[in-house]
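In case you want the letters, here they are:
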Amino acid sequence: MGIIFVIVACATVSLAAQKKGEAAPGALVPDKGKFTIKLDGKTVGHEEFEISPSGRGWLAKGTADIKPPEGAASKITGSLTLQPDGAPISYNWSLQAEKTNGAHILFTNGVAKITLEMQGSRPCTEDEIKDPHRTQPCFFEQNLTFDSPLIAVLDNNLYHQYAVLARVYNWSKRGTQTLPVLIPQELMPGSVTVQPTGPSTADGQTYEGLKVTTSDVEILLLLDSNHRLMRLEVPAAKVSVIRE
């Protein structure tokens, strides 16, 4: 899983106690910015994002333009609506490359109803759903059940969702936290652990670190004193995501 060529993993969602520089319980903080995405030190893409209040909840949206060293360029968009406590309400994503894929996900009481579209509206047959190499456009629906409505949604291709993670992580509790996660492109429930690492240094700057770990990969989030996401590192993949 990853931004076409990058394996990334997930996050955690929980309530945060109010402290100076930290999110209030059940609340995110507005944020807007742009990331530069680098592979082995070379720029391969950019992502623009915004996290803002929306009605009685929040909206986290972003667009990434990626040009890997090999292969076609792509454009990825995502829009995640959240309840005040961080529980997801809906998620829409699309990937435009040689083909256009996308999905619409609705969340209700720990159940994610997913409609996956592959360049068309014809329903997939059972054999097509099982075939990862299918070439004919179709769509199908699938329900996934989680043991909590506080599900972390982490798209493989959009890094601003880790900025959401950094805001809703329970800094008052700290320590290792394990919670359910949905990676939309994988269509299966999972879980991750997140833990603080203390001060970390990159390019001469000192940050607060959060380590995200799954069975596949380890990711380091580097945050400023207000817990804004400033950098993301995937050492095994030689990937860096840097706020401009």
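Each remark here, short or long, concerns the structure printed above.
Just so you know, these numbers come straight off a predicted model, no measurement behind them.

Definitions and cut-offs
- Residues numbered from 1 in each chain as written.
- Predicted model: local features only at pLDDT ≥ 70, side-chain atom pairs only at ≥ 80, totals over all residues.
- Heavy atoms only, no water.
- Helix = DSSP H or I, 4+ residues; strand = E, 2+ residues; numbered from the N terminus.
- Buried < 20%, exposed > 50% of the residue type's maximum accessible area, 1.4 Å probe, protein only.
- Lys, Arg positive; Asp, Glu negative; His and termini not counted.
- Salt bridge = Lys/Arg side-chain N within 4 Å of Asp/Glu carboxyl O.
- Polar contact = N/O pair within 3.5 Å; in protein donor to acceptor, adjacent residues only side chain to side chain.
- Contact = heavy atoms within 4.5 Å.
- Core = buried A, V, L, I, M, F, W, Y, C linked by side-chain atoms within 4.5 Å.

(A) Representation of the side chain of Glu47 in the model. If you trace the backbone, Glu47 turns up in strand β2 (residues 42-54). For the buried residue Glu47, which engages in no salt bridge, the nearest side chain bearing the opposite charge is Arg243, 9.8 Å off. Of note is the side chain of Glu47, whose polar atom sits 2.8 Å from the side chain of His160. Apart from the residues within four sequence positions on either side, Glu47 is in contact with Gly33, Lys34, Phe35, Ile37, Thr63, Ala64, Asn157, Leu158, Tyr159 and His160.

(B) Representation of the nonpolar core. If you look at the biggest cluster of nonpolar residues, it comprises 55 residues, and the most contacted ones within it are Tyr162, Leu182 and Leu221. With 6 residues, helix α2 (residues 160-168) is the largest single contributor of residues to this core.

(C) Region of the structure containing unusual backbone geometry. The residue Asp40 is not glycine, and still its phi comes out positive at about 55°. If you check the backbone angles, Asp203 has positive phi at about 50° while not being a glycine. On the secondary structure map, Asp203 appears in the loop between β11 (189-202) and β12 (205-213).

(D) Expanded view of the side chain of Ser90. Assignment of secondary structure puts Ser90 in strand β5 (residues 88-96). Reaching out from Ser90, the side chain makes a polar contact with the side chain of Thr81 at a distance of 2.7 Å. Ser90 has contacts with Ser79, Leu80, Thr81, Ile105, Leu106 and Phe107, leaving out every residue within four places of it along the chain.

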